[in-house]
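Structural overview for review
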Amino acid sequence: MTSPAVSSRDLPHPVRDEIRLEGVLHALSDPMRLRIVRELAAASGELSCSHFDLPVTKSTTTHHFRVLRESGVIRQVYRGTAKMNGLRRGDLDELFPGLMDALLDAAGRQAVRAG
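For the protein, the name recorded in an unreviewed UniProt entry is ArsR-family transcriptional regulator, with Streptomyces azureus as its organism.

**Overview of the overall build of the protein**
What the protein contains, in helices and strands, is five helices and three strands. N-terminal to C-terminal, the α/β element order of the protein is α-α-β-α-β-β-α-α. Here the C-alpha atoms of the protein give a radius of gyration of 14 Å, agreeing with the 13 Å that 2.2 N^0.38 yields for 115 residues. The principal-axis extents of the C-alpha atoms in the protein amount to approximately 45 × 30 × 25 Å. In the protein, buried positions account for 36% of the 115 residues. Within the protein, contacts between residues at least 6 apart in sequence are counted, and of these 61% link residues at least 24 apart. Element-wise, carbon and sulfur atoms account for 54% of the exposed surface of the protein, whose accessible area totals about 6800 Å². Each charge sign in the protein was given a centre, from 16 positive and 14 negative side chains, and these centres are 5 Å apart.

**Considerations on the pairing of strand S2 (residues 74-79)**
Of the strand pairs in this sheet, S2 and strand S3 (residues 82-87) are connected by six bridges, and their pairing is antiparallel. Within S3, the position partnered with Arg79 by the bridge is Ala82. Adjacent in sequence and paired antiparallel, S2 and S3 are bridged by two residues, among which Gly80 carries a positive phi angle near 65°.

**Quick look at the UniProt feature "domain: HTH arsR-type" (unreviewed entry) in the protein**
Following the UniProt record, one finds the feature "domain: HTH arsR-type" (unreviewed entry) at residues 13-107. Structurally, residues 13-107 is divided into 53% helix and 15% strand, and its ends, taken at the C-alpha atoms, are 25 Å apart.

**Quick notes on helix H1 (residues 21-28)**
Along H1, the residues classified as buried are Val24, Ala27 and Leu28. Down the axis of H1, the buried set is contained in an arc of 90°. They therefore lie on one face. The inward-facing, buried residues of H1 contact helix H2 (31-42), helix H3 (58-71), helix H4 (89-95) and helix H5 (99-114).

**A few points about the layout of surface pockets**
Put simply, the largest pocket is a space of about 240 Å³. Taken together, Cys49, Ser50, Phe52, Asp53, Leu54, Val56, Lys58, Thr61, Thr62, Phe65, Gln76 and Lys83 make up the full set of residues lining the largest pocket. The greatest single-element share of the lining of the largest pocket, amounting to four residues, is contributed by H3. Each residue belonging to the lining of the largest pocket can be placed in one class, and the counts come to five nonpolar, four polar and three charged. Its boundaries defined by the atoms lining it, the second largest pocket holds a volume of some 200 Å³. Sorting the residues of the lining of the second largest pocket by element identifies H2 and H5 as the ones contributing at least two each. In terms of residue count, the dominant contributor to the lining of the second largest pocket is H2 (five residues). Here the lining of the second largest pocket is composed, by residue class, of six nonpolar, one polar and two charged.

The rules behind the values
Residues numbered from 1 in each chain as written. Predicted model: local features only at pLDDT ≥ 70, side-chain atom pairs only at ≥ 80, totals over all residues. Heavy atoms only, no water. Helix = DSSP H or I, 4+ residues; strand = E, 2+ residues; numbered from the N terminus. Rg over C-alpha atoms; globule rule 2.2 N^0.38 Å. Buried < 20%, exposed > 50% of the residue type's maximum accessible area, 1.4 Å probe, protein only. Contact = heavy atoms within 4.5 Å. Areas by Shrake-Rupley, 256 points an atom, 1.4 Å probe, with all protein chains shown as cover. Lys, Arg positive; Asp, Glu negative; His and termini not counted. Charge placed at Lys NZ, Arg CZ, Asp CG, Glu CD. Pairing = 2+ DSSP bridges. UniProt positions renumbered as here; feature names shortened; annotations may be inferred. Arc of directions from axis to C-beta. 1 Å grid on protein atoms, 1.4 Å probe; cavity = no way out; pocket = protein on both sides within 12 Å on 5 of 7 lines; lining within 4 Å. Points joined across faces, edges and corners; volume = space filled by probe spheres on them. Nonpolar A, V, L, I, M, F, W, Y, C, P; charged D, E, K, R; others polar.

Right, here's the structure in full:
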């Protein structure tokens, strides 16, 4: 069961055992969401939503972050007025060893080919 929101500023996230491979793969199948995950993976810590300069509307950006959070790929928390995002790398690596390394490596090679 998804952890319930404690207040209106707490966001629900699946607990580790609820994260499903098909949900993760679906979340990462969209180019914009994969781009977000690649940036998070390259960051040394959390990034705010406003950090990402995506070529889509604000509402579409919000949708992409929600899909990533609800699938268990990222964790979102409020820090003051900013919504901060972090990759749930530890949970994903424990559940699906090697998956994120392989996906991020493949996405990087694809980005180089695309120029």
